[in-house]
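Observations on chain architecture
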Amino acid sequence: MAALAKTSLVTSSVEFDAQLIKKLSQLGPRYTSYPTADRFTDAFTVEDYRQAVARVRERGAPSPLSLYLHIPFCNTVCYYCGCNKIVTKDRSKAEIYLGYLKREIDMQAELLAGMNHVEQLHFGGGTPTYLSDEQMDDLLLYLHRSFKFAPDEVGEYSIEVDPRTVTPERVHTLRRQGFNRISLGVQDFDPVVQKAVNRIQPEEQTFAVIEAAREAGFRSISIDLIYGLPKQNLVTMSQTIDKVIAANPDRLAIYNYAHLPHLFKPQRRIAEEDLPSADTKLDMLALCIKRLTEAGYVYIGMDHFAKPTDDLAVAQREGRLHRNFQGYSTHADADLVSCGVSAISAMGNTYSQNVKTLDEYYARLDAGELPISRGIKLGMDDILRRTIIQMLMCHFELSVDAVEDLFPISFHSYFASELEKLRAFEADGLVTVDQDRIFVPLKGRLLIRNICMVFDRYLSLPRVLEAQPMRFSKTI
């Protein structure tokens, strides 16, 4: 497979050009929001959030909500992880946390009364299945008392699962509790790689969870992989991807491991000499793309693949695909309400983030306040650029007329400098620009973050806190 790093690999939905990737790879945002979270400030207050809710209410016939709950606890630490988590075996901490989480749910439900219809629910972490069956039952019952949920055949109710924490019986319980989509953290099946990242997960255990999810009637099963982990190579990655394809999930996410030990302490336990080279990482990515597309998966964007019949692929074909803090989503018009430590909401034309530590979280709620610590209000230029970035990230094209219909601008005049910057990408065959549209062909799709960065006004501005370390990952 080493030859893949020296040539172009063309599939039905993406083209892999290793030389261009090497040339253009740089640090950049993943655009789960625009402006990105590093632009949030503590000038944004709880009152700003309340005003955003009021404005959404005033616009009438509010859209269904997307609800996110952050469960930060894990039994053990995975060395690669960069999530906001608390590693503990003291189960009483989760019980205390759930009591406070319910307080925040109460406050949000009161604020959103009359506009609390939920069509999407996502439990993320940490490890949501750290909670016991009884705790999960109680929390879900509380949510259903506080919000109105769409029926199972309409709503998307998903949970992230560590296969090491659940039995097949637990999977059936999760379905009974109302979840209809399940995402499994796998990362790599090779036992040497698993040991290097402190995540020993026998493949039989993972396959048993997948089989149980099918038997239980989950509508979508997703698997997460990571390339670039210590001890990984082309052989191990080839074996892992073959096993994943055989497991036949509906969706896959293949993330690039970002080694940022200055930001994430667990990563300091990874020996840098065990990490694969940049060329090997590209070979592994090329291998995954080739195998998955040959197996019939559609490249959605960024690091995501789905079967043609999966809702993500259908939404993309129908122009309904959206991108938010949980990645790609099928509900483009939903306001996102997030509860829990560090959780980020998107309400109206604002973003807001909760405090990041348990002590702060508990203190705010003890004071009877929503635990919002920072955020941002979007101006017209922000909303315009967010719309453009969303179009490109989700559909790889935009209509100039459609943008001009939505905003009081002349596109080619307003974005004259940006269009000039796109000429370099056009020369490399990564984008085509004319009077009517911008289109990203197969060759440019893996580098979509680079293309979107052209429209990011904030990249040319000083950061809010220059002392903060850069948190962006490589674009590929």
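The structure contained in this document is the topic of the report that follows. (Residues numbered from 1 in each chain as written. Predicted model: local features only at pLDDT ≥ 70, side-chain atom pairs only at ≥ 80, totals over all residues. Heavy atoms only, no water.)

**Digging into the overall build of the protein**
When helices and strands are counted, the protein shows 16 helices and 24 strands. Against the globule reference of 23 Å for 476 residues, the protein gives a C-alpha radius of gyration of 22 Å, in line with a compact fold. For the protein, the spread of C-alpha atoms along the principal axes amounts to about 55 × 55 × 45 Å. The buried share of the protein, reckoned over its 476 residues, is 58%. As displayed, the protein offers around 19,300 Å² of accessible surface, 52% of which is attributable to carbon and sulfur atoms. Averaging the coordinates of the 55 positive side-chain charges in the protein and doing the same for the 62 negative ones gives two points 3 Å apart. (Helix = DSSP H or I, 4+ residues; strand = E, 2+ residues; numbered from the N terminus. Rg over C-alpha atoms; globule rule 2.2 N^0.38 Å. Buried < 20%, exposed > 50% of the residue type's maximum accessible area, 1.4 Å probe, protein only. Areas by Shrake-Rupley, 256 points an atom, 1.4 Å probe, with all protein chains shown as cover. Lys, Arg positive; Asp, Glu negative; His and termini not counted. Charge placed at Lys NZ, Arg CZ, Asp CG, Glu CD.)

**With respect to the state of the cysteines**
By definition, a disulfide is the covalent link that joins the sulfur atoms of two cysteine residues. One pass over the full model with this rule turns up zero disulfides. With no disulfide of its own, C81 lies 3.7 Å from the sulfur of C83, the closest cysteine sulfur. Between C452, a free cysteine, and C394, which holds the nearest cysteine sulfur, the sulfur-to-sulfur gap is 9.1 Å. On the basis of relative accessibility, which here comes to 0%, the residue C452 falls in the buried class. (Disulfide = S-S within 2.5 Å.)

**Some details on the sheet that holds strand β21 (residues 397-399)**
Backbone hydrogen bonds are what pair the strands of a sheet, in a parallel or an antiparallel way. Read across the sheet, three strands follow the order β21-β23-β22 without closing on themselves; strand pairing throughout is antiparallel. The outermost strands of the open sheet, each flanked by one partner alone, are β21 and β22 (432-433). Across the sheet, helix α12 (residues 380-395) touches β21 and β23 (437-439), and the angle it forms with β21 is around 135°. (Pairing = 2+ DSSP bridges. Contact = heavy atoms within 4.5 Å. Axes fitted to C-alpha atoms, helices over the stretch in contact; angles between N-to-C directions.)

**Side note on the nonpolar core**
Core analysis: the largest hydrophobic core is formed by 141 residues, its most contacted members being F123 and F411. A total of nine residues in this core trace back to one element, the largest contributor, which is helix α3 (residues 92-111). Look past the residues within four positions of F123 in its chain and what remains in contact with it is Y68, L69, I71, P128, M136, L139, L140, L143, S158, I159, E160 and F179. Residues Y79, V193, V197 and Y257 belong to the second largest nonpolar core, which totals 11 residues. (Core = buried A, V, L, I, M, F, W, Y, C linked by side-chain atoms within 4.5 Å.)

**Some thoughts on unusual backbone geometry**
Cis geometry marks the peptide bond from Y34 to P35; its omega dihedral reads 0°. Checked against the element boundaries, P35 lands in the loop between β3 (27-28) and α2 (46-58). With an omega dihedral of 20°, the bond running from G125 to G126 counts as a cis peptide bond. Its location among the elements puts G126 in the loop between β7 (117-125) and α4 (133-146). At F396, a residue that is not glycine, the phi angle is positive and equals roughly 60°. By the element assignment, F396 lies in the loop between α12 and β21. Overall, F396 belongs to the buried group, its relative accessible area being 3%.

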